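# Structural description and commentary
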Amino acid sequence: MSFAPHLSRLSLLLALGASCAPLWAQPLAKAPTAQDCDGPFSSVLNAAARLPTAEGIWLDGIRLQWPGHAAAPGVRWRLAYSHSAGLVAKLGEPLSGADGVLELSIDDSDLPPVTAQRFAYVKPGVRLRVSGRDAMNLAQTWTAQMWLLKEDAQGRILAATATQLPGALDDAYALAESSAELGAIVTPQRSTFRLWAPTAQRVMLCLHPGKPGDGKASVLRPLQREDATGLWTTQLPQDLHGQRYSYLVDVVTPNAGLVRNRVTDPYSVSVTGHSRQSVALRLDHPDTEPAGWDSTPRPQTVAHATDLVVYELHVRDFSRDDASVPAAHRGKYLGFSHAQSQGMQHLRRLAQAGLTDVHLLPIYDLSSVPETGCVTPTTTGPRDGKAQQAAVNASRDADCYNWGYDPYHYSAPEGSYATQPDDGAARVRELRTMVQALHRAGLRVGMDVVYNHTFASGQSEMSVLDRIVPGYYHRLSAAGEIERSTCCENTATEHRMMARLMSDSVLLWARDHHIDSFRFDLMGHQPRAVMEAMRARLKRELGRDIHFIGEGWNFGEVANGGRFMQASQLSLNGSGIGSFNDRLRDAARGGSAGDSGVALLARQGWLNGQFTDPNAQAEPSSAAALMRAADLIRLGLAGTLRDVRFTTADGSTKRGAEMDYGGQPAGFASQPAEVVNYVENHDNQTLFDTNAMKLPTSTSPQERARVQVLGNALVAFSQGVAYFHAGQELLRSKSLDRNSYNSGDAFNRLDFSATTNHFGSGLPPEGDNGKDWLLMQPLLANAQINPRPEDIRFTRDATLDLLRIRDSSVLFRLRSSADVQQRLSFLNTGPQQNPAVIVALLNGQGLKDANFNEVLVVLNTDKQTQRLSLPALSGKRWALHPVHLSPTAADKRVREASLDAKTGELQAPGRTAMVWVVR
């Protein structure tokens, strides 16, 4: 990504090594010793006074804007700096403690268009400029404490603020974006260490020989600064594969003053236990590769993004409770290496049926799980009791479980999933063993990545980026505080070097660890341009498509294009990047992901009884309301496309973009590849748990299983990317937990033996669920809701059949919006429809790999058989899909269906998903 087509004058002078002014101020602090390498993670070298705000915003390498302030007679504007962080500013008094002051002039010139666009969100205020020789000295001021001052003619301070540097650093050090490889680059001949730290006064390399815990650092080596890029580099003429290392960075921070930070490498490819030190590795070294690593082929199952059928899986969930896996490997990367385990046999069955990708919840180095010495609490108690969640809460920060949406080192494997977390090479080797095992099982490997935030910032011990370049990597508010709309410390991927870090990291995972696809957490907080540039880079450097999907939610400080064009649902059309489809999800499940209280029960959806089977708490509904839900289901089957048309419940023909979803266009995708269809994922209650709350309590376990299969059919038969949560095919329950990210093993269990789904494992943790316990308790106490093993096996086997049907014809995976509009139509629509039955007709004539001339999809959500008169189907030789007719077909009820070839009379058994074909 590039913010400007040319370098600024300042960056050009830096690149040429201009000598008209000193660009580098010598550090004032005493040089560190090797003892500092084993000392505290941070030491204050000189404490500083702190200004409460950082309202001055650098627009480029020479211009600032101060919102809320205006030019006035008798007022002067200056920049003061101090390398020792000694500035003191008191209103009404002159500044003291400065090393120097730069005079600023009012800037009335037009901003370059790219700069104006980037900073359009900045509120009006005086724009100031550094000119002449002062502009040549700016680089040394950025390594210092720097305050923007508004003074009267006598030099008394009227206002003072710190400044936000990213605009200046991006402009002045633009060359760093395309500079040499960052991190530790190890070859048999030499080892190079390269760190981007343009505001640092000194950077030193600490080398820690021997095994972790064996002795102190023995080598302390200075890095040399390159003025044109802000990079610091040192090179040693030896192969340091396996060497532990860290950096000492002397830098001025906004709050603490001049500090010496002992910090790991943000480009670490591996780390030691508890992420204490980085580990330099050759990723082609035998220590890092399982046998046959380079010769194991990637499955060639995805010719186009719409071929993706994704299974979202947590590494620990996969084998933690699988007794067929050796105890030492349960919950670990190596849990995947046992081909005959229950879990791997299950994954192979899914792959043979048509599953293409296993998407793993975060496997990068994360902050929340102790990598050694974690605990697993014992949880027992009544099925509706509080004891289980109390045990989980008592050890939630020391136990072995977390989803992992708390990045520490983006490009290093997580150690809690490794059997030897202190061995940096073993971490990599074991992660690759997992990838290799999945590839050998016929499954591509996807990775859930979280570049939108970090776990920590500032001077926190787990803060990496912000302790190297303070104030750069995170998105700041108008007052200079880090934005936290994502839950944590929002990163700013609109900044050059944060965008590069993300791009370099994704490339490493795809190139060196053979990751095939990526799911981007809260992708709407990232610029579309950055995502597209990264995708193009991967295609260019790897020679193949790496598929991107993500959460395109539109919220926070970036909402509605507040900072840039986002990678969000309504802004991604035409990008080829997939965004999750909440329209289909909510229409099927009922209500929304944010529901609580009685709404959890009352707001039924098309799938679980809206109007057709109301529960005791159901809000009043009508056939008209069910018709509106059915229209959203149809739109989902049609890829939630903007331009697809059909007759809606009010009798009019509408484009998808003209249909309403909570005040937004319901149709948001330009092409099917831009939509990810799902009814369950790791967030919120599982589908089984949602149905436990919304189906009438008298619903039998067999019928609950049928509702689950019908929900899975919505995903399998919708145009776009199909996305399933691990265990969705096994009636997975989390005992009604709406947010199990830190709920431990007790509420996140998977059972590949198809014996239990763990419903009734106690009340879910109080933090996110306590307010709804009174509603949950009678449901959890009701053992009649629990499925029997035969219900779980039915759901599993029926879902495998759905995958086989999807895999049987490209008609379920059409490549373009034009194809969908040409080949997909709906029957039983408009105001006279039966909204309990969805009927979709697909025309395969002349289409390669269609395998059928016509395909008819029929979905009946009513518990009773429904009969429809569909004359358009008459005169054709319809037969049930061969999968339905197979002796091993799971859903025998489908065979009770009938379709009269003469009249088009259709009989659809209750709660069935069926497919008819014409050869």
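Look up a bit, the structure's there.
Attention in this report is confined to the structure presented alongside it.

## Things to note about the overall build of the protein chain
The number of helices and strands found in the protein chain is 21 helices and 41 strands. Taken over the C-alpha trace, the protein chain has a radius of gyration of 30 Å; the compact-globule value for 919 residues is 29 Å, and the two agree within 12%. With the C-alpha coordinates aligned to their principal axes, the bounding extent of the protein chain is approximately 95 × 65 × 55 Å. When the 919 residues of the protein chain are sorted by exposure, 63% land in the buried category. Put simply, of all contacts in the protein chain between residues at least 6 apart along the chain, 75% involve residues at least 24 apart. Seen as two clouds, the 92 positive and the 94 negative side-chain charges of the protein chain have centres 2 Å apart.

## A closer look at the packing of helix α15 (residues 687-694) against helix α16 (residues 701-716)
In the contact formed by α15 and α16, the axes pass within 10 Å of each other and the chain directions differ by 130°. When the axis of α15 is compared with that of α16, the two are oblique. The handedness of the crossing between α15 and α16 comes out as right-handed. Residues L687, F688, N691 and A692 of α15 lie in contact with α16, whose contacting residues are R704, V707, Q708, G711 and N712. In terms of residue class, the contact of α15 with α16 is built from 4 nonpolar, 4 polar and 1 charged.

## Quick look at the nonpolar core
With 200 residues, the main nonpolar core has F336, L347, F518, F520, W606, F717 and L859 as its most contacted residues. The dominant element in this core, judged by the number of residues it contributes, is helix α10 (residues 496-512), at 9 residues. With near-sequence residues (within four places) excluded, F336 lies in contact with L313, V315, F318, M344, L347, L360, M434, A437 and L438. A836, V839, L868 and L899 belong to the second-largest nonpolar core, a separate cluster that totals 20 residues.

## Focus on helix α9 (residues 424-440)
Over its 17 residues, α9 extends 25 Å from the first C-alpha to the last, a length consistent with the 24 Å expected when each residue adds 1.5 Å. Burial analysis of α9 places 15 of its 17 residues in the buried class, the great majority of the element. Of the residues that open α9, the one with a side-chain oxygen 3.1 Å from the backbone nitrogen of A425 is D423. With its phi angle positive at about 85°, G442 sits one or two positions after the end of α9.

## Re the environment of A398
By the element assignment, A398 lies in the loop between α8 (387-394) and β21 (407-413). Since its relative accessible area comes to 35%, A398 is described here as partly exposed. Sequence separation between A398 and P377 is 21 residues; the distance between their C-alpha atoms is 9.7 Å. In this structure, A398 is in contact with P370, C374 and V375, ignoring residues within four places of it in sequence.

Each value, and the rule that gives it
The residue numbers shown here count from 1 along each chain, following its written sequence. The model is predicted, so local features are restricted to residues of pLDDT at least 70 and side-chain atom pairs to those at 80 or more, both for listing and for counting; the totals for chains, interfaces and linings are taken over all residues. Working from all heavy atoms in the structure, the side-chain values ignore hydrogens and water. Helix and strand assignments follow DSSP, with helices taken as H or I runs no shorter than four residues and strands as E runs no shorter than two, numbered in order from the N terminus. Radius of gyration here uses only the C-alpha atoms, and the compact-globule reference equals 2.2 Å multiplied by the residue count raised to the power 0.38. Categorising residues by exposure relies on relative accessible area from a 1.4 Å probe, with only protein chains included: less than 20% of the type maximum marks a residue as buried, more than 50% marks it as exposed, and the intermediate range marks it as partly exposed. Contacts are assigned to residue pairs with any non-hydrogen atoms lying within 4.5 Å of each other. The positive count covers Lys and Arg only, the negative count covers Asp and Glu only, and His and the chain ends enter neither. Charge positions come from single atoms, namely NZ of Lys, CZ of Arg, CG of Asp or CD of Glu. Simply put, an axis is a line fit to the C-alpha atoms, just over the touching stretch for a helix, and the angle between two N-to-C directions goes from 0 to 180 degrees. Roughly parallel here means an angle under 35 degrees, roughly antiparallel means over 145, roughly perpendicular means 65 to 115, and every remaining angle is called oblique. Helix crossings get a hand from a simple test, with the near helix turned counterclockwise from the far one by less than a right angle marking a left-handed crossing and a clockwise turn marking a right-handed one. Amino acids are sorted into nonpolar (Ala, Val, Leu, Ile, Met, Phe, Trp, Tyr, Cys and Pro), charged (Asp, Glu, Lys and Arg) and polar (every other residue, Gly among them). Here, nonpolar core refers to any group of buried Ala, Val, Leu, Ile, Met, Phe, Trp, Tyr and Cys residues whose side-chain atoms link them within 4.5 Å. Multiplying 1.5 Å by the residue count of a helix minus one yields the expected span of that helix. Polar contact criterion, stated in full: a pair of N or O atoms within 3.5 Å, where within protein one must be able to donate a hydrogen and the other to accept it, and residues adjacent in sequence count only if both atoms are side-chain atoms.

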